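What follows is each chain in one-letter form.
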Amino acid sequence: MPKRLRDNINSSYFEAANYLASKKKRRRIVAYVESYDDIFFWRTVLSRFENDKLYFEVMLPSHRKLERGKKAVLSPTPFRTPQREELSPLGEIGGAVGQSALGPAMVACVDADYDYMLQGVTPQSKMVLDNPYVFHTYAYAIENLQCYAPSLHDVSVMVTLNDRRIFDFQDYLRQYSEAIFPLFVWSVWAYRTGNYHDFTLSDMARVIDPGGFNVFDPQPSIDHLRRKVNTKVHQLQAKYPDNKEAFLQTKESVKALGVTPQTTYLYVQGHSLFDNVVVPIMSKVCNRLRLERQEEISRTARHHTQRRNEMSCYEHSLQDIRQMLKKNTGYTLSEPFRRIQQDVERFLEGNTV
């Protein structure tokens, strides 16, 4: 393909290609995503909509340059190299956000980040929410959905091949969410009103890191977290003494968006939740489950050779925690996933090529 044409590929190009193709050939819809990990996630979203008439091809936004991220996916023409632009603390693309590349044959699939919470306050947020050719996660990022609480026991089984329940992931993340909810509301208020310099997402991530954790006594971790959150909330209240009404309005607004005190963990910064909360907890739980299985093998083996062979077999069957979390699809039962599916259904009902 000539370089000039390749640089200007957009939805119209793929629409024309679909039109010229044989009537028996399935219609192709290109779905651009932010990173390599996103490819598998969005494949789980889109595959159930494929049939003998259409299919999705999930890919990164450029074959010519190794461009990744939200900016690349939402740029006016993903194949074109965009000029350097200044970014806000949210990763917002400076100036007007381009939409010309997207259409019935080319869609963008992105993490919601705070764009969902901002509800159109910024140009990027408005595009993510209003453009019918942009799908977003509703949860902050795919990492949050990979950490969907009801699925974490299954992940621990995938890692350790031990199905004993020694820890209640759902109860812990419920208490964790309830503890951080007031601070989350402050964070959303700060970004909606432009006061994020006083309370950034990085500040939020530091406060809501639970720190030390004991599998058999997790309550001190929650208590410590609550104290940290209360301290920061009091600081913000002192800095903005006249903000009570605005806080209550923001609180009701985020609840209307689907955020509850029990599910706040799905809407905080994804990599922080993944790296600082769930992986450390999962590591300690899985280490304990592995030890139990190894002790069982040692106790029941009839002789040294049997013990060694069985232990080797078990250890070769173990899986990496991070990789199993990234392959976790238990989020398909979550409310954010259901809402993503509804968006795809509306797109397919309203667009034909």
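This text goes with the structure placed above it.
The sections below set out a description of the structure shown in this document. (Residues numbered from 1 in each chain as written. Predicted model: local features only at pLDDT ≥ 70, side-chain atom pairs only at ≥ 80, totals over all residues. Heavy atoms only, no water.)

### Some remarks on the overall build of the protein chain
(1) Moving on: Counting its secondary structure elements, the protein chain contains 16 helices and four strands.
(2) Moving on: Of all intrachain contacts in the protein chain linking residues separated by at least 6 positions in sequence, the fraction that spans at least 24 positions is 78%.
(3) Moving on: Of the accessible surface of the protein chain, which amounts to about 17,400 Å², a share of 49% is contributed by carbon and sulfur atoms. (Helix = DSSP H or I, 4+ residues; strand = E, 2+ residues; numbered from the N terminus. Contact = heavy atoms within 4.5 Å. Areas by Shrake-Rupley, 256 points an atom, 1.4 Å probe, with all protein chains shown as cover.)

### Considering empty space enclosed by the protein
(1) Moving on: Scanning all chains against the criterion turns up four cavities of 30 Å³ or more.
(2) Moving on: A volume near 40 Å³ is recorded for the largest cavity.
(3) Moving on: If you go around the largest cavity, the residues you meet are Y176, A205, I208, D209, V268, S272, L273, N276 and V277.
(4) Moving on: Its residues assigned to classes, the lining of the largest cavity comprises six nonpolar, two polar and one charged. (1 Å grid on protein atoms, 1.4 Å probe; cavity = no way out; pocket = protein on both sides within 12 Å on 5 of 7 lines; lining within 4 Å. Points joined across faces, edges and corners; volume = space filled by probe spheres on them. Nonpolar A, V, L, I, M, F, W, Y, C, P; charged D, E, K, R; others polar.)

### Quick notes on the environment of Q124
(1) Moving on: With respect to the element layout, Q124 can be found in helix α6 (residues 123–130).
(2) Moving on: Judged by relative accessible area, which is 1%, Q124 ranks as buried. (Buried < 20%, exposed > 50% of the residue type's maximum accessible area, 1.4 Å probe, protein only.)

### Points about the pattern of salt bridges
Pairing of side chains with opposite charge becomes possible as their charged atoms draw close.
(1) Moving on: Inspection of every chain in the model, using the stated rule, returns 15 salt bridges.
(2) Moving on: The partner of D37 in a salt bridge is K326, with the nearest N and O atoms 3.5 Å apart. Within this pair, whereas D37 is found in helix α3 (residues 36–46), its partner K326 is found in helix α15 (residues 321–326), the two being separated by 289 residues in sequence.
(3) Moving on: Under the relative-accessibility criterion, K326 is labelled partly exposed at 31%.
(4) Moving on: Taking the shortest distance from any N to any O, the salt bridge between R206 and D203 comes out at 2.4 Å. With R206 and D203 both in helix α10 (residues 201–207), this residue pair falls three residues apart, about one helical turn. (Salt bridge = Lys/Arg side-chain N within 4 Å of Asp/Glu carboxyl O.)

### Considering unusual backbone geometry
(1) Moving on: Positive phi, normally seen in glycine, also occurs at Y138, with a value near 65 degrees.
(2) Moving on: Looking at the secondary structure, you find Y138 in the loop between β4 (134–136) and α7 (142–146).
(3) Moving on: You will see that L161, though not glycine, has its phi angle at about 55 degrees, which is positive.
(4) Moving on: Structurally, the position occupied by L161 is in the loop between α8 (152–160) and α9 (169–193).
(5) Moving on: A relative accessible area of 42% means that L161 is categorised as partly exposed.

### Quick notes on the nonpolar core
(1) Moving on: Membership of the largest hydrophobic core comes to 104 residues, with the highest contact counts inside it found for M117, Y176 and F184.
(2) Moving on: Considering each element in turn, this core owes the most residues, 15 residues, to α9. (Core = buried A, V, L, I, M, F, W, Y, C linked by side-chain atoms within 4.5 Å.)

### Digging into the sheet that holds strand β2 (residues 54–59)
(1) Moving on: Here four strands make up an open sheet; going across it, the order is β2-β1-β3-β4 and the pairing parallel. Of all strands in the sheet, those with a lone pairing partner are β2 and β4, marking the two edges. Along the sheet, successive strands turn relative to each other by an average axial angle of 25 degrees, direction set aside.
(2) Moving on: Two strands pair when backbone bridges link them, and strand β1 (residues 27–33) and β2 are joined in this way by six bridges, in the parallel orientation. Along β2, the bridge assignment pairs R28 with Y55. (Pairing = 2+ DSSP bridges. Axes fitted to C-alpha atoms, helices over the stretch in contact; angles between N-to-C directions.)

### So, the packing of α9 against helix α11 (residues 219–239)
If you want to describe how two helices pack, look at the angle between their axes and the distance between the axes.
(1) Moving on: Two elements in contact, α9 and α11, have axes separated by 9 Å at closest approach and are oriented at 10 degrees. Taken together, the axes of α9 and α11 are roughly parallel relative to one another. In this structure, α9 uses Y172, Q175, Y176, A179, I180, P182, L183 and W186 to contact α11, whose residues at the interface are Q219, S221, I222, L225, R226, V229, K232, V233, L236 and Q237.
(2) Moving on: Tallied by class, residues from the contact of α9 with α11 come to twelve nonpolar, four polar and two charged. (Parallel < 35°, antiparallel > 145°, perpendicular 65-115°, else oblique.)

### Looking at the side chain of R290
(1) Moving on: If you trace the backbone, R290 turns up in helix α13 (residues 270–300).
(2) Moving on: Comment: no salt bridge for buried R290; closest opposite-charge side chain is D320, at 6.8 Å.
(3) Moving on: Residues within four places of R290 in sequence aside, it is in contact with V159, T160, Y314, L318, Q319 and I321. (Lys, Arg positive; Asp, Glu negative; His and termini not counted.)

The analysis is restricted to geometry; functional conclusions fall outside its scope.
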